[in-house]
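Listed below, chain by chain, are the residues.
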Amino acid sequence: MTSDISYKFDAKSFCDNLRETKPPYQCPFEDCGKIYKSWSGIHFHMLHYDHDNPDSGSSTPAMSSNKKTVSGANRKRGKFCKKRSPTPPDSKLNSHRETLTYEQAQRLVEIDINGKLRRINIYEPLKIVLKSEYKQELVDSQEEKVVSVSKGTSASKKKSLTAGNVKKSPSPIKLPEPQFKVIDDYVKPAKKHVKQAGFFRYIEKTAEELDEEVEYDMDDQDAAWLKTINTTRKRENLTGVSAATFEFIMDRFEKEAHFQSQTNGEAPEPAIDEDAVCSICMDGECQNSNVILFCDVCNLAVHQECYGVPYIPEGQWLCRRCIQSPSCPVDCCLCPNKGGAFKQTDDGRWGHVMCAIWIPEVVFANTVFLEPIDGIKNIPAARWKLSCYICKQKGVGACIQCHKTNCYTAFHVTCAQQAGLYMKVESVKSAVPTSPSGLAIKKTAFCDLHTPTDMKGSSMVANSESETDVKTAQEKSRLKMRKARKILAEKRNAVPVVSIPIIPEKRLQAISKKVKTSKKESLLQRLLAYWTLKRQSRNGVPLVRRLQSNHAAKPQDLPHPPIGDQESTAANAQLKYWKRLRQDLEKARLLVELIRKREKLKKEQLRLHSAIVDLTLTPFRKFLQKVLDEIKEVDTSSVFAVPVDIKEVPDYLDYIQSPIDLQTIQEKVNVDEYANFAEFEADILLMIRNCMTYNNKDTPFYKSALRMSDQVGCF
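This part takes up the packing of aromatic side chains. Where two aromatic rings form a pair, the distance of their centres and the angle of their planes describe that pair. Scanning the entire structure with this criterion turns up 14 aromatic pairs. Plain terms: the ring middles of Y577 and W578 are 5.5 Å apart, the flat faces sit at 65 degrees to each other, and that makes the pair edge-to-face. Note on W578: relative accessible area 49%, which makes it partly exposed. Aromatic side chains Y674 and F680 sit 5.6 Å apart centroid to centroid with 85 degrees between the ring planes, which places their arrangement in the edge-to-face category.

In structure tokens:
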């Protein structure tokens, strides 16, 4: 009994638990049974007294003086002490246990192992011990303990008691060894695979080889339609149409339509407008690093920086909508208008890039590629409830408001763009010192009534002096918004024009000869009608994936149709000539535009150079010219601009001995007649004095001279 307690008993943990109880404290060993009135006494007794060998001579100092008293009172206090448990309950331990400080909580983790609380430092490495090694370690420790008990050596027992919690160092971890099993009835293959000397190389099939294969794949809609057709044919006692036959006919329809569009000279893509502007910033200017890209499917025109295209891809370029949703139309979740430059949101919806730029709460997750659109959830509910004064729709999309103070007019971003409202994006100095570039983006939008009429930002309503002008401006704005509303409604309700190539009758007969089924003529007609409707539902996009990329290819990249008669050959040659001529004219136009910009820069450079030379050689003249220009600005009525006409005022020279004016002073400045500023100042004061001398005080000329005298003093 004693050996079990000494092996499994942790004296230190027992003493720590005794702190939660009140004295007296009794030794847990039945053979000892000593009682102490203080915690320090039982603590010293448990750590230094050898209970396995009480006659070894080790004694507790606290008990040596009171040995007789304690032995005599052992039986008397036995019942009281046995009823009391030295280990407090778990609830009491958990509520009163020592908690971790903030510093300890940053590096220690508490784990309850077999009812004991262990603290592990997260910065110290943990040794990994396999389960088999741990069991073997327990067995070895049990055997060592049995041997030590049988020998009865107090030193080994004391060591096992004090070092009960010390773990044995684990053995080094071994890598798993491979295991295999020999199969007796295994039959070796007769032919062995011989490795070739060369590499495997994949060679893509040519367009002619792909035309002979069936590339069309059925979808769920095709399967449902084919099931209906087979049900009808079964009622008519006809054989059903297999899926392979259906795919073959649809594949032939697609490829014949594709070949027919090339033969007729129809360009698959819409014509590119050379004077097109970016659909986001509405600017047609472009640079070498920021050119305008055209989508090869929908003909969308956008700048590289406006749409997030850092590098121009080789070959064709498709916008994000034509890549991810070529057949299904998409709607903007921020406005009710259709068409334009779209990008996907973080929740799978679509939105205009223009709307994402102007709505304050919306941002781009990637500022280089400008996608996906993020922050739609941050838009307040009040913004969704605003009513657009252009399209008159409320609760559809998110609106922005006029930046004019005390003007709360709301409008959709795309509606404002269509209506031609003032919308300006400019870079200003950032107020945040931590900004990496030191610049910030300032976005300003005004309603039609507060649209700035000059560069200073004053609106036509603010400049109006009468209520009639304000009412006239409001009426013009109302008519303009009504016209824009009508255009937006037509665009929203417009049905896209889809051109489906027509397959000639001869090609249908050729396809019919390759199909082996009963009543194939009626089957082909129904399949042709089904194929036409499906192409229309996909906005004319081919149903074969390979042809979708060729659908957006340029005509010169497509295979040339077979040459027919001489007239078609001559027409094609003439068409190429006119196209080449237009390209040359466009190059000439661009060259002239570059020359114009170069000469403009040269003129500006020459002007600056002339100003620098004048300022270097004649700085006093430049100073006098600057002061004279400011004085001319003060003379708003042009009273002192030119000399007094003697024909209109014959007696002027009778009163004025030395007439002078701003024009005469300008001539003196040009020929450097003024040696110092005092002479210049004397002429200015003489001009004012002459005006005040000749004119009466109640005349406007005298008042102008008085105003000039007051304002010239600051110069």
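Turning next to the packing of helix α27 (residues 662–670) against helix α28 (residues 677–694). Orientation of α27 relative to α28, taken along the N-to-C sense of each, is 170 degrees, at an axis distance of 10 Å. As summarised for this structure, α27 and α28 are arranged roughly antiparallel, according to the angle between their axes. Contact residues: L662, I665, K668 and V669 in α27; F680, D683, I684 and M687 in α28. The residue inventory of the contact of α27 with α28, partitioned by class, reads six nonpolar, no polar and two charged.

Further remarks concern the confidence of the model for the protein chain. Here the protein chain averages 77 in pLDDT, and 78% of its residues register 70 or above. The low-confidence segment residues 57–96 (pLDDT under 50) makes 38 contacts with residues lying over four places distant or belonging to another chain. For residues 552–564, every residue scores under 50 in pLDDT, and the model assigns this stretch 19 contacts once sequence neighbours within four places are set aside.

All right, on to empty space enclosed by the protein then. Applying the stated criterion across every chain yields a total of three cavities of 30 Å³ or more. The volume enclosed by the largest cavity comes to roughly 60 Å³. In terms of lining, the largest cavity is formed by V634, D635, T636, S637, F640, S704, R707 and M708. With three residues, helix α29 (residues 700–712) is the largest single contributor of residues to the lining of the largest cavity. Residue composition of the lining of the largest cavity, by class: three nonpolar, three polar and two charged.

A surface patch of nonpolar side chains, amounting to about 470 Å² of accessible area, comprises V109, I111, I113, I122 and Y123. Within the fold, I122 resides in the loop between β4 (116–121) and α9 (131–151). Owing to a relative accessible area of 47%, I122 belongs among the partly exposed residues under this scheme.

With that out of the way, let us pick up the environment of V309. Within the secondary structure layout, V309 lies in the loop between α14 (304–307) and α15 (320–324). For V309 and N290, which are 19 residues apart along the polypeptide, the C-alpha to C-alpha distance reads 9.2 Å. In this structure V309 touches L293, Q304 and W317, once residues within four positions along its chain are discounted.

Applying the stated criterion to the full structure yields zero disulfides. Distance from the sulfur of C333, which forms no disulfide, to the nearest cysteine sulfur (C332) is 5.3 Å. The exposure class of C333 is buried, given its relative accessible area of 14%. Here C447 stays unpaired: no disulfide links it, and the sulfur of C402, its closest cysteine neighbor, is 3.8 Å away. On the basis of relative accessible area, C447 is assigned to the buried category, the value being 4%.

Moving on, we get to the packing of α28 against α29. At a minimum axis distance of 8 Å, the contact between α28 and α29 shows a crossing angle of 155 degrees. Between α28 and α29, the crossing angle belongs to the class labelled roughly antiparallel. Considering how the two elements wind past one another, α28 and α29 form a crossing that is left-handed. Where α28 abuts α29, its residues I684, I688, C691 and M692 lie against F701, Y702, A705, L706, M708, S709 and V712.

The next thing to look at is helix α25 (residues 619–634). Along an α-helix, a turn takes 3.6 residues, which lines up residues three or four apart on a common side. If you check α25, its first and last C-alpha atoms are 23 Å apart, about what 16 residues at 1.5 Å a residue would give, namely 22 Å. Among the residues of α25, L624, Q625, V627, L628, I631 and V634 are the ones counted as buried. Contacts from the buried residues of α25 go to α27, α28 and α29.

Turning our eyes to something else, we now look at the nonpolar core. The tendency in soluble globular proteins is for nonpolar side chains to be buried as a group. With 54 residues, the main nonpolar core has I280, Y307, I390 and F411 as its most contacted residues. Mapped by element, the contributors of at least two residues to this core are α14, α16 (353–358), β12 (410–411), α18 (413–419) and α20 (467–493). Residues in contact with Y307, not counting those within four places in the same chain, are I280, V302, W317, C319, R320, R321, A341, F342, K343, V353, F369 and L370. Counting residues in hydrophobic clusters, the runner-up holds 23 residues, among them M250, A257, V515 and L543.

Turning to the side chain of R252, a few remarks are in order. Tracing the sequence through the fold places R252 in helix α13 (residues 243–263). For R252, a relative accessible area of 12% gives the class buried.

Summarising the element assignment, W225 is placed in helix α12 (residues 220–235). The class of W225 is buried, set by a relative accessible area of 19%. Setting aside chain neighbours within four positions, we find W225 in contact with F246, R526, L527 and Y530.

One pass over the full model with this rule turns up 24 salt bridges. E371 serves as the salt-bridge partner of R320, at 2.8 Å between the closest nitrogen and oxygen. Residue R320 is found in helix α15, and its partner E371 is found in the loop between β9 (363–364) and β10 (373–374); the two are separated by 51 residues along the sequence. The partner of K480 in a salt bridge is D448, and the shortest N-O contact between them spans 3.4 Å. Linking K480 in helix α20 with D448 in the loop between β14 (439–445) and α19 (460–463), this pair joins segments that are 32 residues apart in sequence. Under the relative-accessibility criterion, D448 is labelled buried at 9%.

For T245, the location among the structural elements is in helix α13. Separated by 269 residues in the primary sequence, T245 and K514 place their C-alpha atoms 9.9 Å from one another. Engagement of the side chain of T245 in a polar contact is seen with the side chain of S242, the distance being 2.8 Å.

To continue, consider α27. Residues L662, I665, Q666 and V669 constitute the buried set of α27. In an axial view of α27, the angular spread of the buried residues amounts to 105 degrees, which keeps them on one side of the axis. Tucked inside the fold, the buried residues of α27 contact α25 and α28. Residue D661 occupies the N-cap position of α27, its side-chain oxygen lying 2.9 Å from the main-chain nitrogen of Q663. Remark: D672 follows α27 within two positions and exhibits a positive phi of approximately 60 degrees.

Rules used in this analysis
- Residues numbered from 1 in each chain as written.
- Predicted model: local features only at pLDDT ≥ 70, side-chain atom pairs only at ≥ 80, totals over all residues.
- Heavy atoms only, no water.
- Phe/Tyr/Trp six-rings, centres within 6.5 Å; stacked < 30°, edge-to-face > 60°.
- Buried < 20%, exposed > 50% of the residue type's maximum accessible area, 1.4 Å probe, protein only.
- Axes fitted to C-alpha atoms, helices over the stretch in contact; angles between N-to-C directions.
- Helix = DSSP H or I, 4+ residues; strand = E, 2+ residues; numbered from the N terminus.
- Parallel < 35°, antiparallel > 145°, perpendicular 65-115°, else oblique.
- Contact = heavy atoms within 4.5 Å.
- Nonpolar A, V, L, I, M, F, W, Y, C, P; charged D, E, K, R; others polar.
- pLDDT = per-residue confidence, 0-100.
- 1 Å grid on protein atoms, 1.4 Å probe; cavity = no way out; pocket = protein on both sides within 12 Å on 5 of 7 lines; lining within 4 Å.
- Points joined across faces, edges and corners; volume = space filled by probe spheres on them.
- Patch = residues over 30% accessible without salt bridge, like charges linked within 9 Å, V, L, I, M, F, W, Y side chains within 5 Å.
- Areas by Shrake-Rupley, 256 points an atom, 1.4 Å probe, with all protein chains shown as cover.
- Salt bridge = Lys/Arg side-chain N within 4 Å of Asp/Glu carboxyl O.
- Disulfide = S-S within 2.5 Å.
- Left-handed = near helix turned anticlockwise from the far one by under 90°.
- Expected span 1.5 Å × (residues − 1).
- Core = buried A, V, L, I, M, F, W, Y, C linked by side-chain atoms within 4.5 Å.
- Polar contact = N/O pair within 3.5 Å; in protein donor to acceptor, adjacent residues only side chain to side chain.
- Arc of directions from axis to C-beta.

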